[in-house]
Amino acid sequence: MEDKVTTTEKSGDMEEKLSSVAKTLTPSPIQELSHLAQRCNAINLAEGFPDFPAPPHIKNAAVTAINSDFNQYRHVQGICDLLANIVKQMHGLDVDPLTDIAICCGQSEAFAAAMFAIIDQGDEVILFDPSFETYEVCITMAGGVPVYVALDPPHWTLDLDKLTKSFTVRTKAIVLNSPHNPTGKVFTKDELETIAEACRTRDCLAVTDEVYEHVTFDKEKHISIASLPGMQKQTIITSSLSKTFSVTGWRVGWAIAPACIASAIRNIHTKITDSAPAPFQEAALTALRSSPEYFELLRRDYEFKRDYVVKLLAGVGFKIKFKPQGSFFVFAELPEDCLLSDVEFVKELIKQAGVVAVPGSGFFHTKLPLDKLSEAGFGYQRRYIRFAFCKSNATLTSAAQKMGGLVDATGFLKLQ
Ligand SMILES: Cc1ncc(COP(=O)(O)O)c(C=O)c1O
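The rules behind the values
- Residues numbered from 1 in each chain as written.
- Predicted model: local features only at pLDDT ≥ 70, side-chain atom pairs only at ≥ 80, totals over all residues.
- Helix = DSSP H or I, 4+ residues; strand = E, 2+ residues; numbered from the N terminus.
- Buried ≥ 20, exposed ≤ 12 C-beta atoms within 10 Å, placed from the backbone.
- Pairing = 2+ DSSP bridges.
- Near = placed C-beta within 6 Å.
- Nonpolar A, V, L, I, M, F, W, Y, C, P; charged D, E, K, R; others polar.
- Axes fitted to C-alpha atoms, helices over the stretch in contact; angles between N-to-C directions.
- Parallel < 35°, antiparallel > 145°, perpendicular 65-115°, else oblique.
- Left-handed = near helix turned anticlockwise from the far one by under 90°.
- Contact = placed C-beta atoms within 7 Å.

**Q** Give a description of unusual backbone geometry that names residues and reports values.
**A** A cis amide bond links aspartate 129 with the next residue in sequence, proline 130, at an omega value of 10 degrees. Tracing the backbone through its elements, the reader meets proline 130 in the loop between strand E3 (124-129) and helix H7 (134-141). In this structure, proline 179 follows serine 178 across a cis peptide bond, with omega equal to -10 degrees. Here proline 179 is to be found in the loop between strand E5 (171-177) and helix H9 (189-202). The backbone of aspartate 274 sits at a positive phi, close to 70 degrees, despite the residue not being glycine. One non-glycine residue, serine 327, adopts positive backbone phi at about 70 degrees.

Structure (structure tokens):
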């Protein structure tokens, strides 16, 4: 009789077996919206990956690598050699390609491995709010405690006082993503100096996410905090091919760090995934040798798309008080008279306009109920929508047409 346990009872029992971290990992409302968007065949301005083809010279290199039978576990040392040259040129860093670089499966794995490499139970890690969602999960899985410092809207300014107060004796690291997802902020030299000074005086590591390093606009230039005086020895840089070469599915990334940390990251990476995909590592050699014209064209194309989407959104009533300086997102504030929350707005945008974007609340981490959020001055956390513009011009034009079809006599997007 005992064998006849129902599936529900079994899965109930099995849930008991989940780790406490796994129990906290629930599907985000964003996934639900993704399903709704699929059902409505909505134009996708939600997800941060290009819908246009990857550059032919890179694709050809991958095809050649497969045909040349680079199809087994593999470490392509040439990637480290090229990266060492690149960070010397871009940031003036002296990196030993034999010891200071770990190739991983995308920035995502490099970041997770970095957290496992440096965090002990209860160590605190400072993050900016809003921030990209995956950092928190990695920190928590490694036993760390995320501590958020709010960036102040509308320009997502870093408040030195708030930053200083967030440090404690348990602070192990600070995570810095610039250019920043979701806001498009590029941290200024002064802000980086402030963060660097805090790291130096508190003997704290900086862990960077520089995946948008080549996507900056106007006069903005990406500066790695590792290039500031004394910081290379306490910085872990993470980045990848994903965004720069429009190959988010290839899963080739890296961590650059002082030798003992890079070695720990490499060991963790080897135990978990062994190696990044061999043919795509081979193709990375071609990607990383791309001409300066390639990077300039990438920047200019994205700048054009940014301007197009900013104009589109402002034209239908969004408040764009901060024009993205880098990355490929616009974090747009809902019109003043819009009574919908960010999640409600996106649901209606999908159903009525056939366009999907991401509600901003998923990027904020102030753990308060809605009514208390406003009282505490964080009401803005339900007022932003993230639009990704890493899409073909045809996709962006269709989105403009669909949204344009819903504007009222005053020229503003009207969703009921
Ligand atoms: C800020 C940021 N970091 C990292 C990633 C993921 O990078 P990868 O594909 O190299 O894992 C993304 C993807 O959206 C991102 O926006």
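Past the structure itself, the notes keep going.
**Q** Give me the lowdown on the pairing of strand E8 (residues 253-256), citing residues and values where you can.
**A** Neither face of E8 is left uncovered, since the one carrying Gly253 and Ala255 and the one carrying Trp254 and Ile256 both have all their residues buried. Across 4 bridges, the pairing between strand E2 (residues 101-104) and E8 is antiparallel. Bridging across to E8, cysteine 104 finds its partner in glycine 253. Relative to E8, strand E7 (residues 235-240) is paired through 4 bridges, and the arrangement is antiparallel. Of the residues in E8, the one forming a bridge with threonine 238 is alanine 255.

**Q** Account for the site of the ligand, with residues named and values stated.
**A** For the ligand, the set of nearby residues contains 13 residues, the closest of which are Gly106, Gln107, Ser108, Ser240 and Ser242. No other element matches the 3 residues that helix H6 (residues 106-118) contributes to the shell around the ligand. Taken together, the residues that form the shell around the ligand break down as 2 nonpolar, 10 polar and 1 charged.

**Q** So what's going on with the pairing of strand E12 (residues 384-388)? Residues and values would help.
**A** The buried fraction of E12 is high, at 5 of 5 residues. The two faces of E12 match: Tyr384, Arg386 and Ala388 on one face and Ile385 and Phe387 on the other face are all buried. Examined bridge by bridge, strand E9 (residues 329-333) and E12 share 5 bridges and lie antiparallel to one another. Opposite phenylalanine 329, over in E12, you have alanine 388 as the bridge partner. Note: strand E11 (residues 358-359) against E12, 2 bridges, orientation antiparallel. By the bridge assignment for E12, proline 359 is matched with isoleucine 385.

**Q** How would you sum up the packing of helix H4 (residues 56-67) against helix H11 (residues 278-288)? Please name residues and give values.
**A** Direction vectors running N to C along H4 and H11 enclose 140 degrees, while the axes themselves pass 8 Å from each other. The angle between the axes of H4 and H11 places the two elements in the oblique class. Taken as a pair, H4 and H11 cross one another with a handedness that is right-handed. Of the residues in H11, those in contact with His57, Ile58, Ala61, Ala62, Ala65 and Ile66 of H4 are Pro279, Phe280, Glu282, Ala283, Thr286 and Ala287.

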